[in-house]
Structures are given as C-alpha cells and as structure tokens.
Amino acid sequence: MLQSQTPLYTALQERAERDYISMHVPGHKNGTVIPHAGKPFFENILSIDMTEITGLDDLHQPDGIIKEAQQLTAEWFKAKSSYFLVGGSTSGNLAMILAAHKKGKPFLVQRNSHKSIMHALELAGSKSIFISPRYEQNYKRFTGLHKEEVQEALNMQSDVSGLIVTSPDYFGHTSDLKEIIELAHSYDIPILVDEAHGVHFSLQHPSIPMSSLDLGADVVVQSAHKMAPAMTMGAFLHTSTNRIDNSKLTHYLQVFQSSSPSYPVLASLDLARHYLAHLDKRDIEASLDWIHQLRLSLSNSDVWTLLPFENGVDDPYKVTLLVREGLDPDEVAGCLEEEGLYPELVVGQQILFTLALTPNYSVAHLNRLFKRVESKLKDKYDFNHATIERVVHPVINMVQPNPYSYQELEGMEVEFVPWHLAIGRVASSSVTPYPPGIPFIMRGERILKGHVERMGEFIRNEKHIQTREAAYRKGIHVYIERE
C-alpha cells in the first residue's frame, strides 16, 4: 500500500460531495439540520459525521476502508497490527490491561501512571506491585523507571500478568526502555506501554527518542491527538508480538469503545498517520531548528530557567520552564495567558509548553510576548534579592505492593478521617491533581506522611483536584482494617 493514501478520509469526503438524501442517523443529516448559531463552526465537519452505511465499514468488524486505514497505520509504525481508538488512550489502556490480565497474577506497574491505568487495574481486580520512579535532581521531579527497581520487583514476584510502563512522561522524558524490555522479556513477561505523548517518536530522528514499538514493547498505546494533528479522543493501539491474545484485545476494544464511533475522529486518525508519514528529514530539521532558536530566546531570563534537554532521551517538542523560587508559577502562567500564550501544564515550579511538529509561529513573535511577561514581573518583584530553593521530599516507596486486592476492598467498611489521622490508613478513593491526571493517592494505597504534607500544599495553592471526596480539603475516607 502507498502511504500517500487516506482511504477513510477520502471515502468520507467523496460521500459528503454526493447529492444524496440521508435517511439514517445521525440526526443532523450531514449538517443540513442544525441551529443557525452552530453553522459557522459545525456545518462543514458535520458533513462527514456519518455512520456505518454501505461503503463506510465498521470499526468493530472492519473489512473495507477502516481496515485499509489501520493496515497503513501498522505499516507506518512497523507494528504487527494497529487499531483506531475513538475514546482516547484511556480506552486503549483499559483494553490492553484487561486483555493481558491473568487471574491471580498481579501486574508490575509504574507508580506515576495515568489514572486510566489505575482504573483498568481496578476493573481487573489486580493486587498489583507498584514501582516508583526516582526523583531526579536535574529535572526537579520524579521521572521514569530504572532497570534496578524493575529487577527488585521481579525478585519480589516474577509470575505476573505483565509490566506496565509510562514513557515518555508528561514532560517528554523517557525511561531506559531497551534495558527494561529486555529484562521483562527474559522472564517472558509482556510489557505494555502507555506512550500517549510519544506518537511522533516514529519519526526516527537522532534528536527524538525511539518509540517503544521499535524497542520491542508488546502493546503500545499512543494519543494521536496530543502530538499529531488528530482530533481530541483520537488514539492508536499497536501490537508487535503474540504475548497478548489478539482476540481478547479486540474483544475489550469493543467493550470500552462506543458502538457508534465518531467518523470525524476516525478520519482524523487516517490523516494524522498520513501527516507523520510525509514529514521528511528537512521538515523535521526545520522544526528542531525552530525549537532550538526558541529555547535560546527563553534561556536568558531572570524569571525562569530551562530544564535540561538530552538528545534521544527527552522529547524536543516539550519545553519546560523552571520558575524562579519566590515567584508564584500560577501568577507567571497568568501573565503568559494575558499575552495569549497558554501553557499545557503548571505543576510545582514548572511550566510546560507542548510545541507543534511543524512551526506555526515565528520565534521573533513568541520572543516579544515572552519579553512582555518578563517585563511585567520585573516591575513587580526585586530579582536582586536572593531566594532559598525549596527541598522536595520524595513521598512514595520505591517498590510497594498494595496491601489488599480490589476484591478484598469491596467487602471492607470505610470511615472519614481528617488528614492528620489518615497517615498509615488505606485510602478508599483516589486523589488526582489534574492535569496531569496521575493519581497522587490511589484507592487501596497506604497513605504516608509525605502524602499528607503535599496535600496541604495542594489545598493551600488551590490545585485542581479530581476525586469523589467532596470534603477532600478536610480529610479522606479510609478503609477500616479488622484484625
């Protein structure tokens, strides 16, 4: 097949251009039935928002244009098979973990994984062993896994359903996956990778980290909407080996995805693959030069410093500012937004920017906006006054099994306790700062003193929290453990 083809998008385009009468769902009838107020933005996209009529295939039993589009995707990513996801990486994470789960066998899980990973483990009823990342001073945060901690977990238990890794992290930093994958496979353990932020690693450039697919991971999930130009909720799931039963995988993809998938999202996945396949070396070099110039313009500042970037380890399309101690990073982000610069994430003293794979603004224009921000803050603060750097205290143990399986938790009663009395108790619900969507406290996890101290910081700084705890500012529900 030719990578120049876009079979799914092209078929929708041709159908939209026909003069025919829709007597099928959806109710907007290809954009002809829509409130006037919605026409400027919705009319065009609704013309390709179709359903499984003749010629448009079926996501859950593809034998036409969707099958062809997925095969083109597998060819591009060098995968054994590829699947389109309309429920984001979340649906892919749920499907791969449920497909890999073997009753009575826990997973080894990277602790700073997305909440969808934790939800999948809960659905599987797995009593998992969590492996914590190390705190890396250069990056001022917890990053990825290391082989030594994975080996420690394997020494604790090697008869497991699989090893679940997140790489890259939200900031684009990758783990040493080659060593970790080789170690897992030496025990014949499948490795499942949440590569939500690494769809573009397929571009294979020395300055861009290698994809976990190329390194031998068994199942890989990628959010095509994060770094490639797919619509939000568009993602890919790839397989590269037979360690996971493909029939179980496709079953769970049907379980966790809509029976009426969005055709615009599907078409955008077809186009996203096409876009990546047509970025040649000159395009990539031009974008990397643009980012280099931007980093140079940001590097000389009294307000922030740039976190380090290592070729082949860090994603060049992620740029992180470390805001000077003594300054409120939320205030800095507010000044950026006043100039029309909206960052991806503000956490701790760090502000993350996610950049386009193709330059979409001039560096000179961006530099002017950043200089205005610096000028505003310089007028307000005395940067000649020395500040003391905060010391970050790690919260989580390196290798820690949860004390109970999710089935055991279901039969336990709960009670509400204030935070200072929660230390040593087992949390009955998760507490997740969002973004990035990584549970700070997991359901079923034993609460540590460091958790309580950091929760105090989150509450004082009014950090956005996702939790079912209505009164999380006062305390949390915990399980009552009987002797």
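Our subject is the structure listed above.
Computed from a predicted structure; not experimentally measured. (Residues numbered from 1 in each chain as written. Predicted model: local features only at pLDDT ≥ 70, side-chain atom pairs only at ≥ 80, totals over all residues. Heavy atoms only, no water.)

Asker: How do you make sense of the overall build of the chain when you look at a structure like this?
Answerer: Looking only at helices and strands, the chain has 15 helices and 18 strands in total. Here the C-alpha atoms of the chain give a radius of gyration of 24 Å, agreeing with the 23 Å that 2.2 N^0.38 yields for 483 residues. C-alpha extents for the chain along the principal axes are approximately 65 × 60 × 45 Å. Counting over 483 residues, the chain shows a buried share of 53%. (Helix = DSSP H or I, 4+ residues; strand = E, 2+ residues; numbered from the N terminus. Rg over C-alpha atoms; globule rule 2.2 N^0.38 Å. Buried < 20%, exposed > 50% of the residue type's maximum accessible area, 1.4 Å probe, protein only.)

Asker: I tried to follow the sheet that holds strand β14 (residues 399-401) on my own but got confused; where do I start?
Answerer: Adjacent strands of a sheet pair through backbone hydrogen bonds, lying either parallel or antiparallel. In spatial order, the strands read β1-β9-β8-β7-β6-β2-β3-β14; together these eight strands make up an open sheet with mixed pairing. Every interior strand has two partners, whereas the edge strands, β1 (81-85) and β14, have only one. Taking each pair of neighbouring strands and ignoring which way they run, the sheet shows an average axis angle of 15°. Running at roughly 135° to β1, helix α10 (residues 263-277) makes contact with β1 and β9 (235-239) of the sheet. (Pairing = 2+ DSSP bridges. Axes fitted to C-alpha atoms, helices over the stretch in contact; angles between N-to-C directions. Contact = heavy atoms within 4.5 Å.)

Asker: Looking at this structure, how should I read the packing of aromatic side chains?
Answerer: Applying the stated criterion to the full structure yields eight aromatic pairs. Between Tyr135 and Phe142, the ring centres sit 5.4 Å apart and the planes meet at 75°, which makes this aromatic pair edge-to-face. By relative accessible area, which is 23% here, Tyr135 ends up partly exposed. An angle of 80° between the planes, with centres 5.6 Å apart, marks the rings of Phe353 and Phe370 as edge-to-face. (Phe/Tyr/Trp six-rings, centres within 6.5 Å; stacked < 30°, edge-to-face > 60°.)

Asker: Where do I start with unusual backbone geometry in this structure?
Answerer: Residues apart from glycine generally show negative phi values, whereas peptide bonds are mostly found in trans. Here the bond from Val25 into Pro26 is cis, since omega is 5°, no more than 30 degrees from zero. Structurally, Pro26 is set in the loop between α1 (7-17) and α2 (39-46). Between Ser167 and the following residue, Pro168, the backbone shows a cis peptide bond with an omega angle of 0°. Relative to the elements of secondary structure, Pro168 occurs in the loop between β6 (162-166) and α7 (177-186). Despite not being glycine, Lys78 has its phi angle at roughly 60°, a positive value. Counting through the fold element by element, Lys78 comes out in the loop between α3 (65-77) and β1. You will see that Met233, though not glycine, has its phi angle at about 85°, which is positive. You can see Met233 is positioned in the loop between α8 (224-227) and β9.

Asker: Honestly, the pairing of strand β11 (residues 318-323) in this entry has me stumped. Any pointers?
Answerer: Looking along a regular strand, one sees the side chains alternate between the two faces of the sheet. Of all the six residues making up β11, six are buried; the element is thus mostly covered by neighbouring parts of the structure. Neither face of β11 is exposed, since Lys318, Thr320 and Leu322 on one face and Val319, Leu321 and Val323 on the opposite face are all buried. Direction of pairing for strand β10 (residues 304-306) relative to β11: antiparallel, over a ladder of three bridges. Each residue of the ladder has a partner; that of Leu306, found in β11, is Leu321. Two strands pair when backbone bridges link them, and β11 and strand β13 (residues 350-354) are joined in this way by five bridges, in the antiparallel orientation. From the neighbouring strand, Leu321 faces β13, where its bridge partner is Ile351.

Asker: Explain the packing of α1 against α10 here, please?
Answerer: Each pair of packed helices gets described by two things: the angle between the helix axes and the distance between those axes. Contact geometry of α1 with α10 gives a least axis separation of 7 Å together with a crossing angle of 130°. With respect to each other, α1 and α10 are oriented oblique. Contacts between α1 and α10 involve Pro7, Leu8, Tyr9 and Leu12 from the former and Tyr263, Leu266, Ala267, Asp270, Leu271 and Arg273 from the latter. Class assignment for the residues of the contact of α1 with α10 results in eight nonpolar, no polar and two charged. (Parallel < 35°, antiparallel > 145°, perpendicular 65-115°, else oblique. Nonpolar A, V, L, I, M, F, W, Y, C, P; charged D, E, K, R; others polar.)

Asker: Would you mind showing me how to read the sheet that holds β10 here?
Answerer: The strand order across the open sheet built from four strands is β10-β11-β13-β12, with neighbouring strands paired in antiparallel fashion. The outermost strands of the open sheet, each flanked by one partner alone, are β10 and β12 (345-347). If you compare each strand with its neighbour and ignore which way they point, the axes differ by 25° on average. Most of the contacts of helix α11 (residues 281-299) go to β11, to which it runs at about 5°, and overall it touches β10 and β11.

Asker: Looking at this structure, how should I read the nonpolar core?
Answerer: Side chains of nonpolar character tend, in soluble globular proteins, to be buried together. Membership of the largest hydrophobic core comes to 85 residues, with the highest contact counts inside it found for Leu8, Leu163, Ile351 and Phe370. A per-element tally of this core places α10 first, with seven residues. Discounting residues that sit within four places of it in the chain, Leu8 has contacts with Ile65, Ile66, Ala69, Phe84, Tyr263, Leu266, Ala267 and Asp270. Ile164, Val219, Leu409 and Met412 belong to the second-largest nonpolar core, a separate cluster that totals 33 residues. (Core = buried A, V, L, I, M, F, W, Y, C linked by side-chain atoms within 4.5 Å.)

Asker: Is there a simple way to explain the pattern of salt bridges in this structure?
Answerer: Where side chains of opposite charge bring their charged atoms close, a pairing between them can arise. Counted by the stated rule, this structure contains 21 salt bridges. The salt bridge partner of Glu445 is Arg111, with a shortest N-O separation of 3.0 Å. With Glu445 in the loop between β16 (432-433) and α15 (449-460) and Arg111 in the loop between β2 (107-110) and α5 (115-124), the pair connects residues that are 334 residues apart, well separated along the chain. The class for Glu445 is buried, based on a relative accessible area of 9%. Residue classification places Arg111 among the buried residues on the basis of a relative accessible area of 4%. In this structure, Glu339 and Arg372 form a salt bridge, with 3.1 Å as the shortest nitrogen-oxygen distance. Here Glu339 is found in the loop between α12 (329-338) and β12, whereas its partner Arg372 is found in helix α13 (residues 363-380), with 33 residues between them in sequence. Linked through salt bridges whose partners overlap, the residues forming this network are Glu338, Glu339, Arg372 and Lys376. (Salt bridge = Lys/Arg side-chain N within 4 Å of Asp/Glu carboxyl O.)

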